[in-house]
Amino acid sequence: MNMARIDLLVVIAYMIGILAAGFWARRKATTQDQFLVAGRSVGPWLYSGTLAAIVLGGASTIGTVKLGYTYGVSGMWFVCMFGLGIIVLSLVFVKRILGLNLYTVPELLERRYSPLARIGGGVVMVAYDLMVSVTATIAVGSVMEVIVGIPRTPAILLSSAVMVVYSVLGGMWSLTLTDIIQFIIKTIGIFFILLPGAILHAGGLSAMHARLPVAFFSLTHIGTSKIFSLFVLYFFGIIIGQDVWQRVFTARSVKVAQRGGLGVGLYCLCYGVAGALIGTAGRVFLPPLGDADQAFAQIVNVVLPAGLRGLVLAAALAAIMSTASACLLAASTVLLEDVYLPLRGAGGAGSIRQSRTVTLMFGIVMMVLSCLMRDVLAALTVAYDLLVGGLLVSVIGAIMWRRGTTAGALSSIAVGSILVVGLLAACGIDSDLPIYVGLGGSLVVYVVVSLSTTAQTTCR
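How each quantity is defined
Residues numbered from 1 in each chain as written. Predicted model: local features only at pLDDT ≥ 70, side-chain atom pairs only at ≥ 80, totals over all residues. Heavy atoms only, no water. Phe/Tyr/Trp six-rings, centres within 6.5 Å; stacked < 30°, edge-to-face > 60°. Helix = DSSP H or I, 4+ residues; strand = E, 2+ residues; numbered from the N terminus. Buried < 20%, exposed > 50% of the residue type's maximum accessible area, 1.4 Å probe, protein only. Lys NZ or Arg CZ within 6 Å of the ring centre and 35° of its normal. Polar contact = N/O pair within 3.5 Å; in protein donor to acceptor, adjacent residues only side chain to side chain. Contact = heavy atoms within 4.5 Å. Salt bridge = Lys/Arg side-chain N within 4 Å of Asp/Glu carboxyl O. pLDDT = per-residue confidence, 0-100. 1 Å grid on protein atoms, 1.4 Å probe; cavity = no way out; pocket = protein on both sides within 12 Å on 5 of 7 lines; lining within 4 Å. Points joined across faces, edges and corners; volume = space filled by probe spheres on them. Axes fitted to C-alpha atoms, helices over the stretch in contact; angles between N-to-C directions. Parallel < 35°, antiparallel > 145°, perpendicular 65-115°, else oblique. Left-handed = near helix turned anticlockwise from the far one by under 90°. Nonpolar A, V, L, I, M, F, W, Y, C, P; charged D, E, K, R; others polar. Expected span 1.5 Å × (residues − 1).

Draft legend 1. Examining the packing of aromatic side chains more closely. Summed over all chains, the structure comprises 18 aromatic pairs. Centroid distance F228 to Y436: 5.8 Å. Interplanar angle 35°. Geometry classified as tilted. Separated by 208 residues along the polypeptide, F228 in helix 10 (residues 224-240) and Y436 in helix 18 (residues 433-452) bring together distant segments of the chain. Taking relative accessible area as the criterion, F228 reaches 45% and is therefore assigned partly exposed. Between F231 and F236, the aromatic rings sit 5.3 Å apart at their centres with planes inclined by 65°, giving edge-to-face as the arrangement. With a relative accessible area of 28%, F231 lands in the partly exposed category. Grouping aromatic residues by their ring pairs yields a cluster made of F78, F82, Y128, Y234 and Y384. Above the ring of W173, the side-chain terminus of K28 is found at 4.5 Å from the ring centroid.

Take a look at the structure:
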């Protein structure tokens, strides 16, 4: 109990710190532009830290350790696909999208196609961001349940409440400042405490090689088909996600966004390798686990003493809360700006009061769903299936293909989303078929219908 109390005190201190940052940030969020995109004035260090914090969340941390425990170092491909996607987004697309002065991804669909395309894309994007925020929050339960002894549901409610409060108070400024704290804690906890601690507890790299099957050190042990499906889902998904684009919109210049994004992409590659190695080391000294989602928490419990265990728990919470809060704000932004206001026929952006109200509502929904769901990677797969299958073709087409039309975009969104949802229900969450069929159907319909109808103008 004394050890648990020490760990709990570290976690409480962390939560008080980020709440204080959220209250301080409230003074800066005085306009809708400040609340949603931090006034488009964030410099290189803040930008890089916050982008890394939201890309690498609870699923990235706990999920990669789980994959490392199950498949060895090839578990790194999950997070590495995020890194590769961020690099491509930053070097290929950032200059164009910053020049459009947007708030949301679906806003691009209206400028390129029509208001109806914006609403349809907004519905899909809201579902995606809400699901990702839920998956990020689910992860806190399994971690705190094992390490500190708090039951999963109260742990989820406690951390969610803290996150919702600072998100509602300061919007993007709260997220920017708290994410820097979270990025620092996460980097120290994973790279400088848990990674060396796990490898040393396993007897070093040579002992890991001696005690584990050779396949655990193969980059393809997870399976080439699995690697390809991770590429399709997460490489493309991160390129068009509202949570990531909303961070891009905060950069004060194209140079900040491009250089910062390149650095974050490389950081993600390192993070993927670190998480997979932690899980691989855990396979040496942990007994067989019935639930591999608990590999991260069990490794922390075995390897680290009190205090340090609390710091690594805070690092896990940092990863979880940064992604969850980013997707919470993204979902509420899209619902207000791309669905609710257009349906009402209201022109222009919403008010800061409306944004805070919708963020609070979504926060409550997120808390309830997080208590009801369990499997982190499965829920994240559903979110990215829907995003990539439903929106990838129309968004990339809006940027790169002048011949795309409103009818093509609407058909693409509808067909891709319906195919993904239908095949997920028929084939199960673990099947790769929904994303392949959904994405393929979306692409075919977009091209065929666009070529059969009147072309649109380019983005304005």
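The structure having been displayed, the exposition proceeds.
Draft legend 2. Layout of unusual backbone geometry. Backbone geometry places A38, a non-glycine residue, at a positive phi of 50°. Along the chain, A38 falls in the loop between helix 2 (32-37) and helix 3 (44-55). The exposure class assigned to A38 is buried, which follows from its relative accessible area of 0%. Notably, R40 is not glycine yet its phi reads approximately 50°, a positive angle.

Draft legend 3. Structural detail: the side chain of R40. On the secondary structure map, R40 appears in the loop between helix 2 and helix 3. There is a polar contact of 2.9 Å between the side chain of R40 and the backbone oxygen of L102. Not counting the four nearest positions on each side in its chain, R40 is found in contact with D33, N101, L102, Y103, F249, T250, A251 and R252.

Draft legend 4. Main features of the environment of T220. Among the structural elements, T220 can be located in the loop between helix 9 (205-211) and helix 10. Judged by relative accessible area, T220 falls into the partly exposed class, the value being 45%. Sequence separation between T220 and G75 is 145 residues, and the spatial gap between their C-alpha atoms is 9.0 Å. Setting aside anything within four residues of it in sequence, one finds T220 in contact with S74 and I227.

Draft legend 5. Seen up close, the pattern of salt bridges. The full count for this structure, using the stated rule, is 5 salt bridges. Of the charged contacts in the structure, one is a salt bridge between D33 and R40, with a shortest N-O distance of 3.7 Å. Take R40: its relative accessible area is 18%, and that puts it in the buried class. Taken together, the shared-partner salt bridges in this structure form one network comprising E110, R118 and D338.

Draft legend 6. Spatial organisation of the confidence of the model for the protein chain. Residues with a pLDDT of 70 or more make up 94% of the protein chain, whose mean pLDDT is 87. Confidence, expressed as mean pLDDT per element, reaches its minimum in the protein chain at helix 1 (residues 2-25) with 77 and its maximum at helix 12 (residues 254-285) with 96.

Draft legend 7. Examining the environment of V445 more closely. Along the polypeptide, V445 turns up in helix 18. When the C-alpha atoms of V445 and L419 are compared, they prove to be 12 Å apart, with 26 residues separating the residues in sequence. Sequence-distant contacts of V445, defined by excluding residues within four places in its chain, comprise S411, S412, V415 and S450.

Draft legend 8. Empty space enclosed by the protein, seen in detail. One pass over the full model with this rule turns up 1 cavity of 30 Å³ or more. Taken as a whole, the largest cavity encloses approximately 110 Å³ of empty space. V55, V132, T323, L380 and Y384 are, among the 17 residues lining the largest cavity, the residues nearest its centre. Every element with two or more residues in the lining of the largest cavity is listed here: helix 3, helix 4 (58-71), helix 7 (115-147), helix 14 (308-344) and helix 16 (376-400). Examining the composition of the lining of the largest cavity, we find that 4 residues originate from one element, helix 7, more than from any other.

Draft legend 9. Structural detail: the environment of Q242. Note that Q242 resides in helix 11 (residues 242-248). Looking at Q242, the relative accessible area reads 0%, which means it is buried. In this structure the C-alpha to C-alpha distance between Q242 and L386, which are 144 residues apart in sequence, comes to 13 Å. Look past the residues within four positions of Q242 in its chain and what remains in contact with it is Y103, T104, V105, P106, M125, Y128, D129, A330, T333 and V334.

Draft legend 10. Just the packing of helix 3 against helix 12, in detail. Axis separation between helix 3 and helix 12 bottoms out at 9 Å; the angle between their running directions is 40°. Looking at the two axes, helix 3 sits oblique to helix 12. Once helix 3 is placed against helix 12, the crossing between them reads as right-handed. Mapping the contact onto sequence places P44, Y47, S48, L51, A52 and V55 in helix 3 and V256, A257, G260, G261, V264, Y267 and C268 in helix 12. Grouping the constituent residues of the contact of helix 3 with helix 12 by class yields 10 nonpolar, 3 polar and no charged.

Draft legend 11. Just helix 17 (residues 406-427), in detail. When the terminal C-alpha atoms of helix 17 are compared, their 31 Å separation across 22 residues agrees well with the 32 Å that a helix rising 1.5 Å per residue should span. Taken as a whole, helix 17 has its buried residues at T406, G408, A409, S412, I413, G416, S417, V420, L423 and L424. Within two residues after helix 17, G428 carries a phi angle of roughly 95°, on the positive side.

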